[in-house]
Amino acid sequence: MLCLGYDLALVDSGERTGWVAGTVRDAATGSPVAASIGFPGLAVPSVQSDAQTGSFRTGVPAGTVAVTAEAEGYAPSQTTVTVERDGTATVEFSLEPSAQPTGTVTGVVTDETTRAAIPATITETSSGASTTAGSDGTFTLTAPSGSRVVKAEAAGYIAETQTVIVPEGGAVSASFSLGQALTSGQVLTFANIYFDSGSATLKAESYPVLNEIAALLLANQGVQVQICG
């Protein structure tokens, strides 16, 4: 009798006798969301919805069950379902994206040689937020706060990126000086490249110019060049 009473007490005190299953999706796009699914007030471990499908399933005690869904970048959501013994209660979560704190990036875009203003396109690469510099080259870009990569690009120029810390509710400066892209048939002349007398060994004072050439070639990857001297 004692053993039987003990067994019944286990069932009545919270043995899992039903299931909660469902999906979690982005309310704006309908895309699946990898979220943490919790059960407040129950000794049931949280589970993670599948990142590819948004689906989840776990066992819970029968009865009225509170279910929560939380994911980074989204407002949390909670609902209540009734779980029948040996049955499955279905929950469909549609999470609303939470408001992202923002700040501003201000600056100016100019030609690195002539210092003329460039009406370039300025983009924060992770969020896609963008703006266009004015005729005087100045711009103000609203971007999510935190460490952000900002890119300036314009036709005929080599794009440039900078990493900046965008303060929440504040502003940070990031000016760009763009070099013109190489064109077919263009001739570039470099001075101050020195060799040891009667030798092909480069002198150390040549390195700053060679570093500039290397940076130019890296910025124009895929270009074919002919070296003359």
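This one's a predicted model, so the numbers in the text were calculated from it and none came from an experiment.

S.K.: Could you clarify how one ought to interpret the pattern of salt bridges in this entry?
M.R.: Side chains that differ in charge, positive against negative, can pair when their charged atoms come close. Under the definition given, this model contains two salt bridges. Where lysine 151 meets glutamate 153, a salt bridge forms, and the shortest distance between an N and an O atom there is 3.8 Å. Residues aspartate 196 and lysine 203 are paired through a salt bridge, measuring 3.3 Å at the closest nitrogen-oxygen approach. Taking relative accessible area as the criterion, lysine 203 reaches 29% and is therefore assigned partly exposed.

S.K.: Got a minute to help me understand the sheet that holds strand β7 (residues 88–95) in this structure?
M.R.: Pairing is mixed in the open sheet, where three strands are placed in the order β4-β1-β7. Sheet topology places β4 (55–60) and β7 at the edges, where each strand pairs with a single neighbour. With direction set aside, neighbouring strand axes in the sheet form an average angle of 20°.

S.K.: Please clarify how the side chain of serine 145 should be interpreted in this entry.
M.R.: Mapped onto the elements of the fold, serine 145 is located in the loop between β11 (138–144) and β12 (146–153). Residue class for serine 145 comes out buried when judged on its relative accessible area of 13%. Residues in contact with serine 145, not counting those within four places in the same chain, are Gln100, Pro101, Thr102, Gly103, Val166, Pro167 and Glu168.

S.K.: Mind showing me how you'd approach the sheet that holds strand β6 (residues 77–83) here?
M.R.: The four strands are arranged β3-β2-β5-β6 in an open sheet whose pairing can be described as antiparallel. Either end of the sheet is taken by a strand with one partner, and the two such strands are β3 (47–48) and β6. In terms of strand pairing, strand β2 (residues 36–38) meets strand β5 (residues 63–70) through three bridges, oriented antiparallel. Residue pairing across strands places glycine 38 opposite threonine 68, the latter belonging to β5.

S.K.: Is there a simple way to explain the packing of aromatic side chains in this structure?
M.R.: Aromatic rings considered in pairs are described by the distance between their centres and by the relative angle of their planes. Applying the stated criterion across every chain, the model contains one aromatic pair. Relative to phenylalanine 176, the ring of phenylalanine 139 has its centre 6.3 Å away and its plane inclined at 40°; by these criteria the two rings are tilted. Of this pair, phenylalanine 139 sits in strand β11 while phenylalanine 176 sits in strand β15 (residues 176–178), placing them 37 residues apart in sequence. Per residue, the accessibility class of phenylalanine 139 equals that of phenylalanine 176, and both read buried. When the ring centre of tryptophan 19 is taken as reference, the NZ or CZ atom of arginine 57 above it lies at 4.3 Å.

S.K.: Just checking my understanding: could you explain the environment of alanine 116 for this structure?
M.R.: Within the secondary structure, alanine 116 is located in the loop between β8 (102–111) and β9 (121–124). With relative accessibility at 38%, the residue alanine 116 sits in the partly exposed group. Along the backbone, alanine 116 and serine 127 are 11 residues apart, and their C-alpha atoms lie at a distance of 29 Å. Leave out the neighbours within four places in its chain, and alanine 116 touches Val109, Thr110 and Asp111.

S.K.: Just checking my understanding: could you explain the nonpolar core for this structure?
M.R.: Generally speaking, soluble globular proteins have nonpolar side chains that are buried together. One finds Val20 and Leu95 to be the most contacted residues of the largest nonpolar core, which totals 20 residues. Contributing elements (two or more residues each) for this core: β1 (18–26), β4, β5, β6 and β7. Leave out the neighbours within four places in its chain, and leucine 95 touches Val24, Arg25, Asp26, Ala27, Val33, Ala35, Ala69, Ala71, Tyr74, Ala75 and Ser77. In terms of nonpolar packing, the next biggest core, distinct from the first, is built from 17 residues, Ile118, Leu141, Ala154 and Phe176 among them.

S.K.: Explain a nonpolar patch on the surface to me, please; I cannot follow it from the model alone.
M.R.: A contiguous nonpolar patch, built from Leu217, Val223, Val225 and Ile227 and spanning about 380 Å² of accessible area, is present on the exposed surface. Classification of isoleucine 227 as exposed rests on a relative accessible area of 80%.

S.K.: What's the story with the pairing of strand β13 (residues 160–166) in this structure? I'm lost.
M.R.: Strand residues, when the strand is regular, have side chains that alternate between the two faces of the sheet. Summarising the sheet, β12 and β13 pair through seven bridges and their orientation is antiparallel. For serine 147, the partnering residue across the bridge sits in β13 and is isoleucine 165. Two successive antiparallel strands, β12 and β13, enclose a turn made up of six residues, where glycine 156 displays a positive phi of approximately 85°.

S.K.: Explain the environment of glutamate 92 here, please?
M.R.: Here glutamate 92 shows up in strand β7. The exposure class assigned to glutamate 92 is exposed, which follows from its relative accessible area of 54%. Sequence separation between glutamate 92 and serine 55 is 37 residues; the distance between their C-alpha atoms is 9.1 Å. Beyond its immediate stretch of four places on either side in the chain, glutamate 92 contacts Gly22 and Thr23.

Rules of the game
Per chain, residues are indexed from 1 in the order of the written sequence. Thresholds applied to this predicted model are a pLDDT of at least 70 for local features of residues and 80 or more for the giving and counting of side-chain atom pairs; totals over whole chains, interfaces and linings are not thresholded and use all residues. The side-chain numbers reported here are obtained from all heavy atoms of the structure, hydrogens and water having been left aside. Note on definitions: salt bridges are taken to be side-chain nitrogens of Lys or Arg within 4 Å of carboxyl oxygens of Asp or Glu. The rule is simple: take the accessible area with a 1.4 Å probe, protein chains only, and divide by the maximum for that residue type; under 20% is buried, over 50% is exposed, in between is partly exposed. Any two strands with at least two DSSP-identified bridges between them are counted as paired. A helix here means a DSSP run of H or I that spans at least four residues, while a strand means a run of E at least two residues long, and both kinds are numbered starting from the N terminus. For every element, the axis is a line fit to its C-alpha atoms; helices are fit only across the contacting stretch, and the angle between N-to-C directions ranges from 0 to 180 degrees. We call two residues in contact whenever any of their non-hydrogen atoms come within 4.5 Å of each other. For Phe, Tyr and Trp, rings pair up if their centres lie within 6.5 Å, where Trp contributes its six-membered ring, and each pair is then called stacked (planes under 30 degrees apart), edge-to-face (over 60) or tilted (otherwise). The rule is short: NZ of Lys or CZ of Arg within 6 Å of the ring centre and within 35 degrees of the ring normal puts a charge over the ring. By nonpolar core is meant a set of buried Ala, Val, Leu, Ile, Met, Phe, Trp, Tyr and Cys residues that side-chain atoms within 4.5 Å join together. Only residues whose relative accessible area exceeds 30% and that form no salt bridge are eligible for patches; like-charged ones are grouped when within 9 Å, while nonpolar side chains (Val, Leu, Ile, Met, Phe, Trp, Tyr) are grouped when within 5 Å. Exposure was quantified through the Shrake-Rupley algorithm and a 1.4 Å probe, taking into account, for residues, occlusion by the shown protein chains and nothing else.

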